Amino acid sequence: MEHIVIIGNGISGVTLARHVRKLSDKKITIVSAETDYFFSRTALMYVYMGHMKFEHTQPYENWFWEKNRINLKKGFVNTIDTDNKTLHFAEGDTMTYDKLVIATGSKPNKFGWPGQDLKGVQGLYSKQDLDNMQQTAPDNKVCKHAVIVGGGLIGIEMAEMLNSRDIPVTFLVRETSFWNGVLPEGESQMINRHIKNHHIDLRLNTNLKEIKSDDNGHVKSIIIEETGEEIACNLVGLTAGVSPNISFLKDSKIKTNKGVLVNRYLETNINDVYAIGDCAEQHEAIGNRRPIEAVWYTGRMMGETLAQTICGNRLQYKPGHWFNSAKFLDIEYQTYGWVFGERGRPEHEKHFHWKHEDDTKCITVAYNNDTKTFLGINTFGIRMRHETFDKWLTEQRDVDYVINNLKEANFDPEFYKHFEQDILKAYNKQLQTV
């Protein structure tokens, strides 16, 4: 019986295993050094905040794996011998495979800061990170102050977690405005204000120089690069992005760049070896997408696609229109299609921006200034319907149509009833001034 071995029990590896099982009777083994069972990584913050217990983050009961004949092996893969199709584990044992899937996800970036490996310095990615945070920052008596380095989505999650336990936070962001590499200026500025309104000490244009240790090898303070200021702290969150977790492949014949290089079928340069999820890197980016996408839903889609190929129906990975969602403290964020920030914005891309006077709701619609084709939308504090925008992007609707039919896409007709006139008025006014 053909043996499929999957390294990594995140969303992509587990989705693949489930779909291979639906389609076949192949032998399946999932290898992970992190946890016994799959859990929802995006829910870690809610465990710390007391909204749920860790077992609530496991979508499948523990009997699910045995019932579906999916073998779970807890262990750390040291090396892969692709000539003999053998995995060598840190514990000294080995395992052979017929087809191998690398789904090892990401690890937090470290940029060689002095003190970056001290106790109390951590990312927010794994179950171990959650355990460490519970220990280092159980309350504001043990953790009097925390510093977060890096202004992405994980940074804001960590700030919200610490805020929920009344732990003072200093947030170091090297950009001039929060997440402005991704967000247009109006949105980025609104999020700056929202973070400060939550009594978080947001320091823009600020870099970390070093992390200082106490006598026990635990963090005691950080030094700021620009000013030399020292800030005492008990926890340092490193949230300056993530990169593929593939160091164990360095002596293998599998080709890597930043991630494991794959084609549109998610195949590597080695026969019967594939890569999916955060650790996979497309040889050539698909449309405007990045070659590596550390996004939950693309990992799931890759798992579903590759299951077809492994079970004899060779299928290309086609992720469709870009979308994503996140939360900035109390403000929900959604994006559909492409809305570029100030950096890297194409010349033909024009934006219509509307913000509510309460400073917690806004939309930005991107369109092609030459053809008026709708390119994408960002919404903050307003919930929109994914399938409506997906359809409009496929139909290549023009921006007038989208603005005039926004209520079709809105989850909350009450909200739209209140603000429809305001949005339309702002849009028509902008058109007159163009």
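Report follows, based on the coordinates. Since we're looking at a predicted model, the values are computed, not measured.

**Some words on the layout of surface pockets**
1) Next: The calculated volume of the second largest pocket comes to roughly 240 Å³.
2) Next: Taken together, the residues that form the lining of the second largest pocket break down as seven nonpolar, seven polar and one charged.

**A word on the environment of Asp 278**
1) Next: When you line up the elements, Asp 278 lands in the loop between strand E19 (273-275) and strand E20 (280-282).
2) Next: Each C-alpha atom of the pair Asp 278 and Trp 296 lies 8.5 Å from the other, and the pair is 18 residues apart in sequence.
3) Next: When neighbours within four sequence positions are excluded, Asp 278 is seen to be in contact with Gly 105, Ser 106, Tyr 125, Pro 244, Ile 292, Glu 293, Ala 294 and Val 295.
4) Next: There is a polar contact of 2.8 Å between the side chain of Asp 278 and the side chain of Ser 106.

**Here's the deal with the side chain of Glu 349**
1) Next: Position of Glu 349 relative to the elements: it lies in strand E23 (residues 349-355).
2) Next: One buried charged side chain, Glu 349, makes no salt bridge at all; its nearest oppositely charged neighbour is Arg 345, positioned 4.4 Å away.
3) Next: A distance of 2.9 Å separates a polar side-chain atom of Glu 349 from the backbone nitrogen of Phe 340.
4) Next: Look past the residues within four positions of Glu 349 in its chain and what remains in contact with it is Trp 338, Val 339, Phe 340, Ala 366, Tyr 367 and Leu 375.

**Focus: unusual backbone geometry**
1) Next: A positive phi angle is found at His 199, which is not glycine, with a value near 60 degrees.
2) Next: Relative to the elements of secondary structure, His 199 occurs in the loop between helix H6 (185-197) and strand E12 (201-203).
3) Next: Of note, the phi angle at Asn 205 is positive, near 60 degrees, even though the residue is not glycine.
4) Next: Tracing the sequence through the fold places Asn 205 in the loop between E12 and strand E13 (208-213).
5) Next: Of the residues examined, Asn 205 reaches a relative accessible area of 46% and is grouped as partly exposed.

**Focus on the nonpolar core**
1) Next: Counting 50 residues, the largest nonpolar core has Ile 6, Leu 16, Ile 80, Leu 87 and Ile 102 as its most contacted members.
2) Next: The leading source of residues in this core is helix H7 (residues 296-310), at six residues.
3) Next: Discounting chain neighbours no more than four positions away, the residues touching Ile 102 are Ile 7, Phe 248, Leu 249, Ile 254, Val 260, Val 273, Tyr 274, Ala 275, Ile 276 and Cys 279.
4) Next: Trp 179, Leu 183, Ile 191 and Leu 202 belong to the second largest nonpolar core, which has 38 residues in total.

**Focus on the sheet that holds strand E5 (residues 86-89)**
1) Next: Spatially, the three strands line up as an open sheet ordered E4-E5-E6, and their pairing is antiparallel. Only two strands of the sheet have a single neighbouring strand rather than two, namely strand E4 (77-81) and strand E6 (94-96). If you compare each strand with its neighbour and ignore which way they point, the axes differ by 20 degrees on average.
2) Next: Examined bridge by bridge, E4 and E5 share four bridges and lie antiparallel to one another. Each bridged residue has a counterpart across the sheet, and for Val 77 the counterpart in E5 is Phe 89.

**Considerations on the packing of helix H1 (residues 11-23) against H7**
The packing of two helices is summarised by the inter-axis angle and the distance between the axes.
1) Next: The contact between H1 and H7 brings their axes to 7 Å, and the two run at 30 degrees. Considered as vectors, H1 and H7 are oriented roughly parallel to each other. Here H1 and H7 pass one another in a crossing that is right-handed. Facing H1, whose interface residues are Ile 11, Ser 12, Thr 15, Leu 16, His 19, Val 20 and Leu 23, H7 presents Trp 296, Gly 299, Arg 300, Gly 303, Glu 304, Leu 306, Ala 307, Gln 308 and Ile 310.
2) Next: Class assignment for the residues of the contact of H1 with H7 results in eight nonpolar, six polar and two charged.

**Quick notes on the pattern of salt bridges**
1) Next: Applying the stated criterion across every chain yields a total of 25 salt bridges.
2) Next: For the salt bridge of Asp 36 with Lys 74, the shortest nitrogen-to-oxygen distance reads 3.7 Å. In this pair, Asp 36 is assigned in the loop between strand E2 (27-32) and helix H2 (44-48) and Lys 74 in strand E3 (residues 70-74), connecting sequence segments 38 residues apart.
3) Next: You can call Lys 74 partly exposed: its relative accessible area is 46%.
4) Next: Taken together, the salt bridges that share partners define one network made up of Glu 2, Lys 26 and Lys 99.

**A short note on the pairing of strand E7 (residues 99-102)**
1) Next: Of the two faces of E7, the one holding Lys 99 and Val 101 and the one holding Leu 100 and Ile 102 are both buried throughout.
2) Next: As defined by bridge partners, strand E1 (residues 3-7) adjoins E7 across four bridges and the pair is classed as parallel. Bridge assignment links Ile 6 to a residue of E7, and that residue is Val 101.
3) Next: Bridge count for E7 against E19 is three bridges, and the pairing is parallel. Along E19, the bridge assignment pairs Ile 102 with Ala 275.

**A short note on the sheet that holds E12**
1) Next: One open sheet holds the five strands; their spatial order is E9-E16-E10-E11-E12, and the pairing between them is parallel. Of all strands in the sheet, those with a lone pairing partner are strand E9 (121-122) and E12, marking the two edges.
2) Next: Bridge count for strand E11 (residues 169-172) against E12 is three bridges, and the pairing is parallel. Within E12, the residue paired with Phe 171 across the bridge is Leu 202.

Conventions adopted
Residues numbered from 1 in each chain as written. Predicted model: local features only at pLDDT ≥ 70, side-chain atom pairs only at ≥ 80, totals over all residues. Heavy atoms only, no water. 1 Å grid on protein atoms, 1.4 Å probe; cavity = no way out; pocket = protein on both sides within 12 Å on 5 of 7 lines; lining within 4 Å. Points joined across faces, edges and corners; volume = space filled by probe spheres on them. Nonpolar A, V, L, I, M, F, W, Y, C, P; charged D, E, K, R; others polar. Helix = DSSP H or I, 4+ residues; strand = E, 2+ residues; numbered from the N terminus. Contact = heavy atoms within 4.5 Å. Polar contact = N/O pair within 3.5 Å; in protein donor to acceptor, adjacent residues only side chain to side chain. Buried < 20%, exposed > 50% of the residue type's maximum accessible area, 1.4 Å probe, protein only. Lys, Arg positive; Asp, Glu negative; His and termini not counted. Salt bridge = Lys/Arg side-chain N within 4 Å of Asp/Glu carboxyl O. Core = buried A, V, L, I, M, F, W, Y, C linked by side-chain atoms within 4.5 Å. Pairing = 2+ DSSP bridges. Axes fitted to C-alpha atoms, helices over the stretch in contact; angles between N-to-C directions. Parallel < 35°, antiparallel > 145°, perpendicular 65-115°, else oblique. Left-handed = near helix turned anticlockwise from the far one by under 90°.

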